[in-house]
Amino acid sequence: MKRAKITVVGAGNVGATCAQYCAMAGLGDVVLLDIPAAKDMPKGKALDMAEAASVLGFTANVTGTTDYADTANSDVVVVTAGIPRKPGMSRDDLLATNAKIVGSVGAEIAKTSPNAVVIVVSNPVDTMVQRMLDVTGFPKERVIGQAGVLDAARFCTFIAMELNVSVEDVSAMLLGGHGDSMVPLSSCSSVGGIPVTQLIPADRLAEIVQRARVGGGEIVNLLGTGSAYYAPAASTAKMVQAIVRDENRVMACVAFCDKEYGVGGYYVGVPVVLGDGGVKKVVKLQMTAEETELFAKSCEAVRQNVTNMKYLVELNP
């Protein structure tokens, strides 16, 4: 059986940790790539991971490089390249700089791995995944963004903390843009199959929902420098696994929606069936009236960001 080839673009905290998780899970051969200015740094991180294999008991072929030629014919390409958030910055503050970075990365991917599934992690992710689609010209099913898995993980964590239960028994779903306008669906969240609305009072649940919305910013402020990377990397590796093992997992991803949910041709966070080749199906959920209204507002924020991004790209090609 052919081993999958997984490339991670960006050897910073998120990228390197994602590469490590993929290697430890035995998902395939992993290539860690960074810009030429990084010199031998990605090679050093890759060698360090390879040496950890004998200690942790996994077999992996991990290589580091600054040359896209070494990534050729990848099955999955994870894009973490871009500047991270700093205290006081929103994801949208990264728009102009990361649009340029993601655009250059997309052009290289299109040349070297034309059949790959691309997972964009760079922020603001709802806009950057649209940029990746435009630059690569890939089918929309093969260009997706990582956000919902992470946002759901944060929501699940806070619910588990509140109830003092195992996070493994908590299931949650989120829709919309990745950021302050995201829509955690309390109506689709449960603990051991019990609706969370039966376990947590409405006012307290609203506070937990809000904490999930700003969960990334909370970590940015606590760290002081940089942003979250363990949970984002784990969430991305989970998506990679679903794709390379054709698991047909249902999870929230940043996927292209047209008629689905009435979005009208944009990328937003929705539940999908994820497997070989990327998104196999967008799953339609029934939302409450309040959730529907919040989702519409979130989609409008995404549309505005995409418009701003395209203007900035035209202004500074």
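Residues numbered from 1 in each chain as written. Predicted model: local features only at pLDDT ≥ 70, side-chain atom pairs only at ≥ 80, totals over all residues. Heavy atoms only, no water.

1. Examining the overall build of the protein
Part 1 of the reasoning: In terms of regular secondary structure, the protein is built from nine helices and 14 strands.
Part 2 of the reasoning: Rg of the C-alpha trace for the protein: 19 Å, near the compact-globule value of 20 Å for 317 residues, within the 12% margin.
Part 3 of the reasoning: With respect to the three principal axes, the spread of C-alpha positions in the protein is 55 × 50 × 40 Å.
Part 4 of the reasoning: For the protein, buried positions account for 51% of its 317 residues.
Part 5 of the reasoning: Within the protein, counting contacts between residues at least 6 apart in sequence, those at least 24 apart form 69% of the total.
Part 6 of the reasoning: On the protein, roughly 14100 Å² of surface is accessible, and the fraction owed to carbon and sulfur atoms is 53%.
Part 7 of the reasoning: On the protein, the mean spot of the 28 positive side-chain charges and the mean spot of the 32 negative ones are 3 Å from each other. (Helix = DSSP H or I, 4+ residues; strand = E, 2+ residues; numbered from the N terminus. Rg over C-alpha atoms; globule rule 2.2 N^0.38 Å. Buried < 20%, exposed > 50% of the residue type's maximum accessible area, 1.4 Å probe, protein only. Contact = heavy atoms within 4.5 Å. Areas by Shrake-Rupley, 256 points an atom, 1.4 Å probe, with all protein chains shown as cover. Lys, Arg positive; Asp, Glu negative; His and termini not counted. Charge placed at Lys NZ, Arg CZ, Asp CG, Glu CD.)

2. Details of helix 8 (residues 230–244)
Part 1 of the reasoning: Taking 1.5 Å of rise per residue, 15 residues should cover 21 Å, and helix 8 covers 21 Å from first to last C-alpha, within 8% of that figure.
Part 2 of the reasoning: Every buried residue of helix 8 is accounted for by Pro232, Ala233, Ser235, Thr236, Ala237, Met239, Val240, Ala242 and Ile243.
Part 3 of the reasoning: Of the residues trailing helix 8, Asp246 is marked for its positive phi of about 50°. (Expected span 1.5 Å × (residues − 1).)

3. With respect to the nonpolar core
Part 1 of the reasoning: Within the largest apolar cluster, 53 residues are counted, with the highest numbers of intra-cluster contacts made by Tyr261, Val270, Leu274 and Phe295.
Part 2 of the reasoning: With residues up to four places along the chain from it excluded, the contact list for Leu274 reads Ile144, Met239, Ala242, Ile243, Glu247, Asn248, Arg249, Met251, Cys253 and Val279.
Part 3 of the reasoning: Counting residues in hydrophobic clusters, the runner-up holds 27 residues, among them Val79, Val105, Leu133 and Ala147. (Core = buried A, V, L, I, M, F, W, Y, C linked by side-chain atoms within 4.5 Å.)

4. Let's talk about the pattern of salt bridges
Part 1 of the reasoning: Summed over all chains, the structure comprises nine salt bridges.
Part 2 of the reasoning: Of the charged contacts, one joins Lys111 and Glu108 as a salt bridge, the two residues approaching to 3.8 Å between their closest N and O atoms. Of this pair, Lys111 and Glu108 both sit in helix 3 (residues 95–112), three residues apart, roughly one helical turn.
Part 3 of the reasoning: The partner of Glu300 in a salt bridge is Arg303, and the shortest N-O contact between them spans 3.3 Å. Residue Glu300 and its partner Arg303 are both found in helix 9 (residues 289–315); the two are separated by three residues, about one turn of the helix.
Part 4 of the reasoning: Linked through salt bridges whose partners overlap, the residues forming this network are Glu162, Arg204 and Glu207. (Salt bridge = Lys/Arg side-chain N within 4 Å of Asp/Glu carboxyl O.)

5. Remarks on the packing of aromatic side chains
Remark: the centre distance and the inter-plane angle together describe each pair of aromatic rings, the angle taken between the planes.
Part 1 of the reasoning: If you walk through the whole model with that rule in mind, you get three aromatic pairs.
Part 2 of the reasoning: Seen from their ring centres, Tyr229 and Tyr230 are 4.5 Å apart, and the 40° between their planes marks the pair as tilted.
Part 3 of the reasoning: For Tyr229, a relative accessible area of 22% gives the class partly exposed.
Part 4 of the reasoning: Residue Tyr230 is classed as exposed on the basis of its relative accessible area of 53%.
Part 5 of the reasoning: Looking at Arg142, its charged tip hangs above the ring of Phe138, at a distance of 4.6 Å from the centre. (Phe/Tyr/Trp six-rings, centres within 6.5 Å; stacked < 30°, edge-to-face > 60°. Lys NZ or Arg CZ within 6 Å of the ring centre and 35° of its normal.)

6. A closer look at the packing of helix 3 against helix 4 (residues 125–136)
Part 1 of the reasoning: In contact at an axis separation of 8 Å, helix 3 and helix 4 are set at 35° when each is read in the N-to-C sense. Like other packed secondary-structure pairs, helix 3 and helix 4 cross with a definite hand, here right-handed. Taken together, the residues of helix 4 that come into contact with helix 3 (itself represented by Leu95, Asn98, Ala99, Val102, Gly103, Val105, Gly106, Ala107, Ile109 and Ala110) are Thr127, Met128, Arg131, Met132, Val135 and Thr136.
Part 2 of the reasoning: Of the residues belonging to the contact of helix 3 with helix 4, the class tally is ten nonpolar, five polar and one charged. (Axes fitted to C-alpha atoms, helices over the stretch in contact; angles between N-to-C directions. Left-handed = near helix turned anticlockwise from the far one by under 90°. Nonpolar A, V, L, I, M, F, W, Y, C, P; charged D, E, K, R; others polar.)

7. Quick notes on the environment of Ala4
Part 1 of the reasoning: Relative to the helices and strands, Ala4 is located in the segment before strand 1 (5–9).
Part 2 of the reasoning: Given a relative accessible area of 14%, Ala4 falls into the buried group.
Part 3 of the reasoning: Along the chain, Ala4 and Lys100 lie 96 residues apart, while their C-alpha atoms are 29 Å from each other.
Part 4 of the reasoning: Contact partners of Ala4, with chain neighbours within four places excluded, come to Leu27, Gly28, Asp29, Asp75 and Val244.

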